[in-house]
Structures are given as C-alpha cells and as structure tokens.
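Chain by chain, the residues:
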Amino acid sequence: MTERYDVLVVGAGPAGLAAAHTAAAHGARVGLLDAQPRVGGQVWRHDVRKPAPRAARAAFETLRQVTLLAQRSVVASEDGALRVETPQGSALLAYGALILATGARELLLPFPGWTLPGVTGAGGLQALTKQGWPVAGKRVVVAGSGPLLLAAAATLRAHGARLVGIHEQASADSVHAFARQLLHWPTRAAQALSLRARLLGVPYRLGSVVRHAHGEEAVRTVEIEDAHGTHVVDCDLLAVGYGLVPNVELAQLLGCALDHTATHPQVQVDELLRTSVPAIFAAGEACGIGGLAVARIEGAIAGHMAVGNAAEARALLPERERARRFGALLAMHFAPGQRVRALATPQTLICRCEDVPLGALDGYADAREAKLATRCGMGACQGRICGTALAELGRFPRSAGRPPLFPARLATLAGLALSPSDDVSRSPT
Ligand SMILES: Cc1cc2nc3c(=O)[nH]c(=O)nc-3n(C[C@H](O)[C@H](O)[C@H](O)COP(=O)(O)OP(=O)(O)OC[C@H]3O[C@@H](n4cnc5c(N)ncnc54)[C@H](O)[C@@H]3O)c2cc1C
C-alpha cells in the first residue's frame, strides 16, 4: 500500500520542521519523515541530560497538523514515490511536492591513528554524548575546524568530560578576522560569547593540528602541531571534525542537479529553492552549509513554495540572503588548510569499512575505477566518509551513489528488484 501526502518533507531538522509547519499551515496534508526516532535533526538532537532549547520546543509544538514518520530512512525512489525502511518493514510514500531537508554530515579527514577506538568526529562525539554515552571524567581532546568544535566541547563539558584542549586548524589571523566580522552579527556574537563562557578555562589553540593518534587498544596520546612545534598530550578520547558536508545523495538519486562549484557538491536550487526537478524543493544545509538560521528560513520558504505560495516565500528572501552571508563567512575563515590535507600517509586507512589504505589508491583515474579495484567506498557508509575525504584531499571527486542509499534489509531490496510498485512490508516472510 502506498501512503500519499500533498507535501512530503525528508529530514526533521530545523529546515524540515519549518517546511512541514509552513506547508501544513496552508492546509496541505503533510508527512515529515526522518531516519531518527525523534525530530530535531543535528542541532536540536535530543539530549538525555537537558531539555531542548526554547526555539526547538516551539518548533516541535507547531507540528500538530503534520504526520510524523519517525525511524523511516529513504533508501530509494520508485515511480515518483519514495521507498522507506520502517522498523517493521518498508513502505512507499507518494507526494504531490517533495521537500529535501536532508542536512549535512561531518567532514572527517584521515590522519595516522584516526581509526583507533576512542577517536571520533567532534559532532559525532557530541551526538553520542547527548544520547547518553558516558564521558564523565574522561580526558577529551577536541580538534578540527569551525564553530562546531566549541558547540561539541560545551556539550561534552556539560556531561562531565575533562576537556584537555580545543585545537582549531584555522590560523589565528583567520579566526581573529572572523571574530571582527561578528560585530556585524550581534546575535551570533552573543552566541559565540556564551559558548566561550561555558568553556572558561579550556585552552583554545589556533593554527593547531592533530597529526597522529597513538595507542594500542585505544587512543592514549595525540601528537599536536602548532606554531611552537610538536607536542604530545595524554587523553582518553579524541574528537576531530573539519566542518560539514551537505547530504546530497537523495537529491542526486531523484535526478536533481548538483552545484559543483565548491569542493563538496550541494543541491542546486534557484532563489525560491526549486531544484532542477519539478515539484522537488530543497532547504537547509543540503543546499550548502549555513547553520541553524539558514535552515529555518529556507525551510519556511520551501514550505510556502511547495503549496504554491510564491508571494510569501519571496517576502522571506532578504532574511535568507543575510543568513546565507554568514554561512559564506564561516566557509571562508574555517576552510581546512593544506596542512590537514597532507596528514595521511600511504599506510593510513582511507576506507575504514573495507580497510583500504591511501597508498592502494595510487594510479586509478577516478573514484569508480579505484572502487572496483580496491573496494574503497563499498562498505556500510557507501563512501560517505572515504569518498568525501578523498574529494577534500584532491584525489578524486566522489562518484554518484546508487540505491539503496543506506544499508537496507534483504526484504526491502527484494521488493525493489522484483516489483517496484509493491509494498514488500506486506509480503509473507
Ligand atoms: C554531527 C553534527 C552536529 C552538529 N551540532 C551542532 C550544534 O551543536 N550547534 C549548531 O549550531 N549546529 C550544529 N550542527 C550544524 C547543523 O547541521 C545545523 O545547524 C542544522 O541542524 C541544520 O539543519 P538542517 O535542517 O538543514 O539539517 P539537519 O539538522 O542535519 O537535519 C537533517 C535530517 O535529515 C535526516 N535525513 C537525511 N537523509 C535522510 C534519509 N535518506 N532518510 C531519512 N532521513 C534523512 C537526518 O536524520 C536529519 O535528522 C551540527 C551538525 C552535525 C553534522
């Protein structure tokens, strides 16, 4: 059986929440689906220790007229409908208009020791911690690039972690220039000050890069390089993230054009957030990294557009433009430098799912050729980590994904192959 919605929104982060609420306010039958069990996306992820921020609670309360479809991962597209995995099986969701609010993931870059237990992404450790993974009393080094390091560190500290230091790869000149720009963004400046206040006493080192993680069973020490040379610090956990990368795989699967002007592609949209495919819109970080404010305003624009209300969408464009300018500022001042792209050695594993070292990829013309010969990118993450890292290292652009977008049950795959219009969750097992 196929469920039908006037407007279907994929992703229940700030962008998807705003989109669903806006479209529903126009009287549309709206479905809001997410792979996660709770709404909120990345920034408003449920924290076992503390209530959601006020803005998040307000957004959650606007969903009364929206059908929430939690724990549904879109794995494929079939005849103008989406095939989703549910806890029980799979289902087909059809739509009049579709809004892609699939957000972003962390950019992880390889360095010797990055596959040791205890080494995670910065946002990754933040997410684990919010979900209850115990960090109290653990010595944590946070490193990489961008304001997410501060947000992650603040969460870790609130959960009792002992922060050894925050190591930002961007240079002091670049970060100070960014800080001066904050004078034009008073709300952002206030947020930055509040974060720094929550991290009082934690060293924040600029132009500082984790070169190597050491340990037998798990990370025990990290080697850090800064303007004063290389030094070694002890730790129990190392959390390293180099910013964010848009999740474009679903858009690509649906035939939406991507914008390849940046290192990592983003969904190509016009100013009213229309993709290249009729009746499909995109909003938030999938269209380029911009942060919470961008996600919320773009969600509202896409929600208006999905129900044909271009006038109200247009009225929000100046706000969108201003929010996007801040995203551009972040990209300019925190882009990973050449130093971090040169950390991996030929022996460093690039594909952690399939154990493929960087040196094994020499001599291949493109990602597809390398994948066929070495299995790089064929594991559970489907190249989301290694393919993205290789693009950042300047090796090859990431190859286009294929269904299923995420690892799926055999029953789902069988349904896709045998009968595109059948709901395999109804099949006898
Ligand atoms: C790990 C991480 C931590 C972050 N922490 C912070 C923070 O503390 N503070 C901050 O200001 N910013 C943080 N950010 C930045 C954050 O991305 C934005 O501020 C904001 O959440 C973007 O909103 P969005 O709605 O565009 O996307 P997101 O919030 O990323 O939401 C996208 C949603 O789409 C869902 N989704 C994607 N693909 C599918 C699919 N195929 N099927 C079903 N569901 C799907 C995801 O499960 C997710 O819930 C973080 C980002 C990441 C990656």
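For every chain, the first residue of the written sequence is number 1, and numbering continues from 1 along that sequence. Note on the predicted model: pLDDT of at least 70 is required for a residue's local features to be given, and 80 or more for side-chain atom pairs to be given and counted; whole-chain, interface and lining totals, by contrast, use all residues. The basis for every side-chain value is the complete set of heavy atoms in the structure, and neither hydrogens nor water enter the calculation.

Caption draft 1: A look at the site of the ligand. Close contacts around the ligand come from 32 residues, with A15, D34, Q42, Q126 and E285 the closest. The definition of a polar contact used here is a pair of N or O atoms within 3.5 Å, where within protein one atom must be able to donate a hydrogen and the other to accept one, and adjacent residues in sequence count solely through side-chain atom pairs. Between the ligand and Q126 there is a distance of 2.9 Å, counted from an oxygen atom to a side-chain nitrogen or oxygen. Within the side chain of E285, an N or O atom sits 2.6 Å from an oxygen atom of the ligand. Considered on its own, the ligand offers 970 Å² of accessible surface; in the complex 88% of this is hidden by protein. Residues are counted as near a molecule or strand when any one of their heavy atoms sits within 4 Å of it. Accessibility throughout is a Shrake-Rupley quantity obtained with a 1.4 Å probe, and a residue counts as covered only by protein chains that appear here.

Caption draft 2: The packing of helix α1 (residues 14-25) against helix α8 (residues 292-306), seen in detail. Here an axis means a line fitted to C-alpha atoms, over the contact stretch when the element is a helix, while the angle between two N-to-C directions is reported on a 0 to 180 degree scale. Secondary structure follows DSSP: runs of H or I at least 4 residues long count as helices, runs of E at least 2 residues long count as strands, and numbering of each begins at the N terminus. Where α1 contacts α8, the two axes come as close as 7 Å, and the packing angle between them is 30 degrees. As summarised for this structure, α1 and α8 are arranged roughly parallel, according to the angle between their axes. In the packing of α1 onto α8, the handedness of the crossing is right-handed. The residues of α8 that touch α1, namely those facing P14, A15, A18, A19, T22 and A23, are L292, A295, R296, G299, A300, G303 and H304. Oblique is the label for every angle not falling under 35 degrees (roughly parallel), over 145 degrees (roughly antiparallel), or within 65 to 115 degrees (roughly perpendicular). Rotating anticlockwise by less than a right angle from the far helix to the near helix defines a left-handed crossing, while the corresponding clockwise rotation defines a right-handed one. The criterion used for residue contact is that any of the two residues' heavy atoms lie within 4.5 Å.

Caption draft 3: Inspection of the sheet that holds strand β12 (residues 209-214) at higher detail. Strands qualify as paired when DSSP identifies two bridges or more between them. Spatially, β12-β13-β14 is the arrangement adopted by the 3 strands of the open sheet, whose pairing is antiparallel. Two strands in the sheet have a free side with no partner beyond their single neighbour: β12 and β14 (229-234). Averaged over all pairs of adjacent strands, the angle between their axes in this sheet comes to 25 degrees, without regard to strand direction. The pairing of β12 with strand β13 (residues 221-226) spans 5 bridges and is classified as antiparallel. In the strand pairing of β13, H214 is matched with T221.

Caption draft 4: Highlighting the packing of aromatic side chains. Pairing of aromatic rings covers Phe, Tyr and Trp, the last through its six-membered ring, and needs centres within 6.5 Å; plane angles under 30 degrees mean stacked, over 60 mean edge-to-face, and all others mean tilted. In total, this model carries 4 aromatic pairs according to the counting rule given. Aromatic side chains W44 and F60 sit 6.3 Å apart centroid to centroid with 85 degrees between the ring planes, which places their arrangement in the edge-to-face category. Residue W44 is located in the loop between β2 (30-33) and α2 (54-61), and its partner F60 is located in helix α2; the two are separated by 16 residues in the primary sequence. Overall, the relative accessible area of 5% leaves W44 in the buried class. Pairing W185 with F326 gives two aromatic rings, centres 5.2 Å apart and planes at 65 degrees, and the pair type is edge-to-face. Pair noted here: W185 is in the loop between α5 (172-181) and α6 (186-198) and F326 is in helix α10 (residues 317-334), with a separation of 141 residues, a long-range link. Buried residues are those whose accessible area, probed at 1.4 Å on protein chains only, stays under 20% of the maximum for their type, while exposed residues exceed 50% and partly exposed ones sit between those limits.

Caption draft 5: Spotlight on the nonpolar core. Among buried residues, the Ala, Val, Leu, Ile, Met, Phe, Trp, Tyr and Cys ones that are joined through side-chain atoms within 4.5 Å form a nonpolar core. One finds F111, V222 and L238 to be the most contacted residues of the largest nonpolar core, which totals 37 residues. If you list the elements that add at least two residues to this core, you get β9 (139-144), β12, β13, β15 (237-241), β20 (349-351), α12 (367-374) and α13 (386-392). Discounting residues that sit within four places of it in the chain, L238 has contacts with F111, G118, V119, T120, V141, V210, A213, V219 and V222. V7, L32, M305 and A313 belong to the second-largest nonpolar core, a separate cluster that totals 34 residues.

Caption draft 6: Representation of the pattern of salt bridges. A pair is scored as a salt bridge if a Lys or Arg side-chain nitrogen falls within 4 Å of a carboxyl oxygen belonging to Asp or Glu. Following the criterion strictly, the structure yields 15 salt bridges and no others. Put simply, R83 and E78 hold a salt bridge, and the shortest N to O gap is 2.8 Å. Taking relative accessible area as the criterion, R83 reaches 0% and is therefore assigned buried. The buried category is assigned to E78, whose relative accessible area is 6%. Here R339 and E225 are joined by a salt bridge, their closest N and O atoms 3.0 Å apart. With a gap of 114 residues between them, R339 in helix α11 (residues 338-341) and E225 in strand β13 connect regions that are remote in the sequence. Judged by its relative accessible area of 34%, R339 falls in the partly exposed class. One continuous salt-bridge network, built from bridges that share partners, spans R105, E249 and R398.

Caption draft 7: Region of the structure containing helix α3 (residues 122-130). Where burial is concerned, most of α3 is hidden: 7 out of the 9 residues are buried. Those residues of α3 that are buried lie in contact with β7 (104-106), β8 (119-120), β9, α4 (148-158) and β15. Two residues or fewer past α3, G132 is found with a positive phi of approximately 110 degrees.

Caption draft 8: Here's a closer look at the pairing of β2. Because side chains alternate across β2, one face comprises the buried residues V30 and L32, and the other comprises G31 and L33, equally buried. Two elements, strand β1 (residues 2-10) and β2, share 4 bridges in a ladder whose sense is parallel. Bridge pairing links L8 to G31 in β2. Following the backbone out of β1, through α1 and into the adjacent parallel β2, one traces a crossover that is right-handed. Where β2 lies against strand β3 (residues 66-69), 4 bridges are found, and the strand directions are parallel. Following the sheet pairing, L33 is matched in β3 by L69. Read as a crossover between parallel neighbours, the route from β2 over α2 to β3 is right-handed. Crossovers are marked right-handed if the path from the first strand over the helix to the second runs clockwise, as seen with the strands pointing away from the viewer.

Caption draft 9: Quick look at the pairing of strand β4 (residues 73-78). Within β4, 5 of the 6 residues are buried, which leaves it mostly tucked inside the rest of the structure. In the sheet, β4 pairs with strand β5 (residues 81-85) via 5 bridges, with the strands oriented antiparallel. Along β5, the bridge assignment pairs E78 with A81. Connecting the antiparallel pair β4 and β5 is a turn made up of 2 residues, with D79 showing a positive phi of about 45 degrees.

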